[in-house]
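Okay, here's what each chain looks like letter by letter:
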Amino acid sequence: MTLARTGLTRYTVGLPLLLAVLLALSAADFRQPQNLVNFGGQVAALLIASLGQMCVTLVAGIDLSVGSVMSLASCLLVSQADPVLAVAMALAMGTLVGAVNGLGVAVAGVHPLVMTLSTATFLQGLCHAVLPIPGGQVPPSLVAAATGQVAGVPLPFVWCAVAIAALGALTTRTRFGLHLFAAGSHPRSAHLNGVRVRAVTVSAYVLCGVMAATAGVFLAARVATGDPNLGASFPLESVAAVALGGVQLTGGIGSVAGVVAGTLSLGLLTNGLNVFGVSPFLRGVLTGALLLAAVSVQRRRHVGL
Amino acid sequence: MTHVPMVTPERVVLNNVSKSFGPTAALRGVTLTGRAGSIHAVTGENGAGKSTLMKLLAGVHAPDDGEIRLRGQPVRLSTPAHARRAGVSTVFQELTVLPNLTVAENLNLGREPGRLGALDRGASRRRAEAVLGRTGVALDPDRLCGDLSVGEQQLLEIAKGLAADADVFIFDEPTAPLNRTEVDQLEALLVHLKAEGKLVFYISHRLEEIFRFCDTVTVLKDGRLVGTEPIGALTPDRLVTLMVGRELEALFPARPEEAPGEVRLDVRELVATAGAPPVSIALRRGEIVGIAGLEGQGQRALVRALAGAERPVGGAVRVNGDDGTARTMDTRHGTVGAVRQGVALIPEDRKAEGLCLDLPIQDNIWLGPLRGLALWRRARRDAGVIRQLRERLQLRSRPVDAVGSLSGGNQQKVMFGRWLAAGVRVLLVEQPTRGVDVGAKAEIYTLLRQFTAEGGVVLAVSGDLPELIGLCDRILVLRGGAVVADVPGAEATEEGLLALALRDPSGVSA
């Protein structure tokens, strides 16, 4: 894998390291094992959603419906007593939403912003129809799967590792992964070379929908209850994490490693500001400034277009 | 050369195919037979339908009517991937190399080795090395293609086409960005394919190459078949006549009898880029001055500095108006400042740097007069001016047609029309007829000559030496950024200019 296609720069990788070192040195609370476990739980959902967002970004798209998919997944989760059926329903819903988004973008030619904003609005309405106010019980076995430990390792870390490994292998070791990069950099050229650009694009959105549903299941299980606004902050946070991770929103450049770094940066910032007791409003100001600064220093230099 | 009758089997038959794009008929009932072991030229003016015809075979477009037969079997080729599986490999005119993929990844794109969707990088690399070795293209398989030059990308494109396991090859004007040695290399590869019994379709309007490589020529005009002839039955003149559909009068207009007038553009000690030698030239009213030189000898930088597109390091440019006023051009004001002084650029890449392809002809032309108009002024279009220009430029399309739908020659005329409408007196033209067919070339030369006859000045950069020799009153030769010779057009020869462009580069400061 050539470096230039990954979008990784020393800033991308350095930022989370710098933040982690600064926090570890300055805040004793941050170094507590319990805080690290909490931190893992906090970033896991964002990481999973952002990895999905990355797939769409690689084909020069954007998915603003990830938040609504997460919320709807949590609403579906509390509507079922059977955990297997509940998860299956949530994942099927994610697949369906992804397919609709993908077909709208790749076949009907709707701009990704408009397409996914429409589905996001639609689904958000559906969430409130199903579950007007937060409530309900997530099946206990799912709660255990999201908060428990295996051999002393907190399960959120395990889920993160699985997601990273799966998406990492997909993007760097499969034909589909290579075609994501090809379709994202120049759809017409890719098409002329025999890449099935439409199919690849639809698949990217489906993948994003499934990842968002997974993130929703995980987050709902962590809080053990359903919430129609569970994912409200995720569309923008996932795009921010992807951008911080050096993934180019114009397509064709990015990497799982970058998304991990971007998610960690965002999570560390939130966690650190919490530790220092900074007002949540000011947190938004800082996050916005950081995002702009980080994206400015890592614009694509190498690869044309 | 004696003509041997064809006995090889029919490999491709396009039978009575038609294709329309909206209201425009691109192909009307064309029939073409390609035989094994043949290099078959498909030629015609731009817009004649030769690329469209080949795109039917390449799976890019489906014919509206008619039949395609491969090795005797009727086929439907619905996608490029499908056509490639059917044994048709295409090198498209547009570069399809992806910048974020490596050479090996680009070579194997769409048919990556590996099982169950997994990539086998080792196999991909080995396959790429084998192909590059066979085609004599010296590129590192692990290099990122965004780092390749245009020429290297074209070679990669050709290697990619040859790498396919195909028995029909289509080359759509592959030689445009190639130098002489690279063209020789390509010729060797094509001859090799022919010897292996493959069928090669070679789309080009370069007569020299058609007569060098090809054994059969099919000529199209306005989407119709003019004829298919063995090369031995044709002469270059006869072929041009078939392409144009009429005997071509002299390609270049006559040079004016009278001496050029007073100095219109006075360039003194202009240093276009840091480290380049200063250039002083004077262009006189009524002159067409050419700039020759090898690729990358500062032609582009010089012209762009004069046009205000790039800011020069030093020097002065004075523009003398019709009324005898002399003004120094302030290069800080960019192209807008230059146009105000009556100096404008027709760029090499007119699609990216010149025209708004989605806008109609009239709006593209009207952008010229709009320059320098204050933002709050009403931008009223003058239909009379557009009408006059359309007549002068011999544009057959309607003023409301999108510029993107026009042929290269007509697009170039629209660029020209924009600056005529703006009242420009000095035109800087990069590659005046790149991507322009034979018939339109002559029209553009005439337009340029007409422009100078009315007191304008043209400075033309071109890599096409016969064009410079035929068109220009004098030709400046650039080497290492310096003007090393000033040759009257009537005395210039290709060999002479080339010798001047090449001569002892050690004399130029490194």
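Just so you know, these numbers come straight off a predicted model, no measurement behind them. (Residues numbered from 1 in each chain as written. Chains lettered and ligands numbered in written order. Predicted model: local features only at pLDDT ≥ 70, side-chain atom pairs only at ≥ 80, totals over all residues.)

### A few points about the overall build of chain B
- Along its length, chain B carries 17 helices and 20 strands.
- Computed over C-alpha atoms, the radius of gyration of chain B comes to 25 Å, within 12% of the 24 Å expected from 2.2 N^0.38 for 510 residues, which places it in the range of a compact globule.
- A principal-axis box enclosing the C-alpha atoms of chain B has dimensions of 75 × 55 × 50 Å.
- Classification of the 510 residues of chain B by burial places 47% in the buried group.
- The long-range share in chain B, meaning contacts at least 24 apart out of those at least 6 apart in sequence, stands at 69%. (Helix = DSSP H or I, 4+ residues; strand = E, 2+ residues; numbered from the N terminus. Rg over C-alpha atoms; globule rule 2.2 N^0.38 Å. Buried ≥ 20, exposed ≤ 12 C-beta atoms within 10 Å, placed from the backbone. Contact = placed C-beta atoms within 7 Å.)

### Focus: the interface of chain A and chain B
- Listed by partner, the interface residues are 26 residues for chain A and 21 residues for chain B.
- Of all the secondary structure elements, the ones that give two or more residues to the side of chain A that touches chain B are helix H1 (3–6), helix H9 (175–185) and helix H10 (187–192) of chain A.
- Counting residues per element, the side of chain A that touches chain B draws most heavily on H9(A), which supplies 6 residues.
- Considering only residue class, the side of chain A that touches chain B consists of 11 nonpolar, 11 polar and 4 charged. (Nonpolar A, V, L, I, M, F, W, Y, C, P; charged D, E, K, R; others polar.)

### Some details on the confidence of the model for chain B
All names here are of chain B.
- Mean pLDDT over chain B: 85, with 94% of residues reaching 70 or higher.
- Across chain B, the secondary-structure element scoring lowest on mean pLDDT is strand E15 (residues 326–328), at 80, and the one scoring highest is strand E18 (residues 457–461), at 95.
- Across the predicted assembly, pTM comes out at 0.76 and ipTM at 0.85. (pLDDT = per-residue confidence, 0-100.)

### Some thoughts on the environment of Ala145(A)
Residues and elements named next belong to chain A.
- Within the secondary structure, alanine 145 sits in helix H7 (residues 140–147).
- Spatially, the C-alpha atoms of alanine 145 and alanine 204 are 27 Å apart, while their sequence positions differ by 59 residues.
- When neighbours within four sequence positions are excluded, alanine 145 is seen to be in contact with Leu155 and Ala221.

### Details of the sheet that holds strand E8 (residues 199–203) of chain B
Residue and element names in this part refer to chain B.
- One open sheet holds the 6 strands; their spatial order is E6-E7-E8-E3-E9-E10, and the pairing between them is mixed. Both outer strands of the open sheet, strand E6 (88–91) and strand E10 (224–230), are each paired with one neighbouring strand and no more. Averaged over neighbouring strand pairs, the angle between their axes works out to 15° when direction is ignored.
- As paired strands, strand E7 (residues 168–172) and E8 are joined by 5 bridges and run parallel to one another. Bridging from a neighbouring strand, isoleucine 170 pairs with phenylalanine 201 of E8.
- The strands that helix H5 (residues 150–163) touches are E6 and E7; relative to E6, the one it contacts most, it runs at about 175°. (Pairing = 2+ DSSP bridges. Axes fitted to C-alpha atoms, helices over the stretch in contact; angles between N-to-C directions.)

### A few points about helix H14 (residues 408–421) of chain B
Residue and element names in this part refer to chain B.
- For H14, which comprises 14 residues, the first-to-last C-alpha distance of 20 Å matches the rise-based estimate of 20 Å (1.5 Å per residue) to within 8%.
- For H14, the buried fraction is high: 13 of the 14 residues fall into the buried class.
- Two residues or fewer past H14, glycine 423 is found with a positive phi of approximately 75°. (Expected span 1.5 Å × (residues − 1).)

### Here we look at the domain arrangement of chain B
- By the assigned domains, chain B splits into domain 1 (10–97 + 164–244), domain 2 (99–147) and domain 3 (263–507).
- Computed from C-alpha atoms alone, the centre-to-centre distance between domain 2 of chain B and domain 3 of chain B is 41 Å. (Domains from an automatic or database assignment.)

### Examining the packing of helix H4 (residues 66–79) of chain A against helix H6 (residues 112–130) of chain A
Residue and element names in this part refer to chain A.
- Taken N-terminus to C-terminus, the directions of H4 and H6 make an angle of 25°; their axes are 8 Å apart at the nearest point. Overall, the two elements H4 and H6 adopt an arrangement that is roughly parallel. Of the two elements, H4 crosses H6, and the hand of that crossing is left-handed. On H6, the residues that touch Gly67, Ser68, Val69, Ser71, Leu72, Cys75 and Ser79 of H4 are Ala120, Leu123, Gln124, Leu126, Cys127 and Val130.
- Residues that form the contact of H4 with H6 fall into these classes: 8 nonpolar, 5 polar and no charged. (Parallel < 35°, antiparallel > 145°, perpendicular 65-115°, else oblique. Left-handed = near helix turned anticlockwise from the far one by under 90°.)

### Quick look at the confidence of the model for chain A
- On average, residues of chain A score 90 in pLDDT, and 96% of them are at 70 or above.
- Confidence drops under pLDDT 50 across residues 301–305 of chain A; counting only partners more than four residues distant or on other chains, this segment forms 14 contacts.

### A word on the nonpolar core
- Counting 170 residues, the largest nonpolar core has Ala73(A) and Leu57(B) as its most contacted members.
- Here the element with the most residues in this core is helix H11 (residues 197–223) of chain A; it accounts for 18 residues.
- Two domains each donate at least three residues to this core, and these are domain 1 (10–97 + 164–244) and domain 2 (99–147) of chain B.
- Apart from the residues lying within four places of it in its own chain, the contact partners of Ala73(A) are Ala90(A), Met93(A), Gly94(A), Ala213(A), Gly216(A), Val217(A) and Ala220(A).
- With 73 residues, the next largest nonpolar core counts Val279(B), Ala305(B), Tyr445(B) and Val461(B) among its residues. (Core = buried A, V, L, I, M, F, W, Y, C linked by C-beta atoms within 7 Å.)

### Re the environment of Leu230(A)
All names here are of chain A.
- Topologically, leucine 230 is positioned in the loop between H11 and helix H12 (234–244).
- Residue leucine 230 is classed as buried on the basis of its 27 C-beta neighbours within 10 Å.
- For the pair leucine 230 and alanine 86, spaced 144 residues apart in the sequence, the C-alpha separation amounts to 17 Å.
- Sequence-distant contacts of leucine 230, defined by excluding residues within four places in its chain, comprise Met70, Ser71, Ser74, Gly216, Leu219 and Ala220.

### Some words on the environment of Thr270(A)
Residue and element names in this part refer to chain A.
- You can see threonine 270 is positioned in helix H13 (residues 256–275).
- Owing to 20 C-beta atoms within 10 Å, threonine 270 belongs among the buried residues under this scheme.
- Taking the C-alpha atoms as reference, threonine 270 lies 9.6 Å from glutamine 42; in sequence the two are 228 residues apart.

### What about the packing of helix H3 (residues 33–58) of chain A against H11(A)?
Residue and element names in this part refer to chain A.
- Packing of H3 against H11 leaves a shortest axis separation of 8 Å and a crossing angle of 170°. One element, H3, and the other, H11, form an angle in the roughly antiparallel class. Contacts from Gly41, Ala44, Ala45, Ile48, Ala49, Leu51, Gly52, Gln53, Cys55, Val56 and Leu58 in H3 reach Ala204, Tyr205, Leu207, Cys208, Met211, Ala212, Thr214, Ala215, Phe218, Leu219 and Arg222 in H11.
- Here the residues of the contact of H3 with H11 are counted per class, giving 17 nonpolar, 4 polar and 1 charged.

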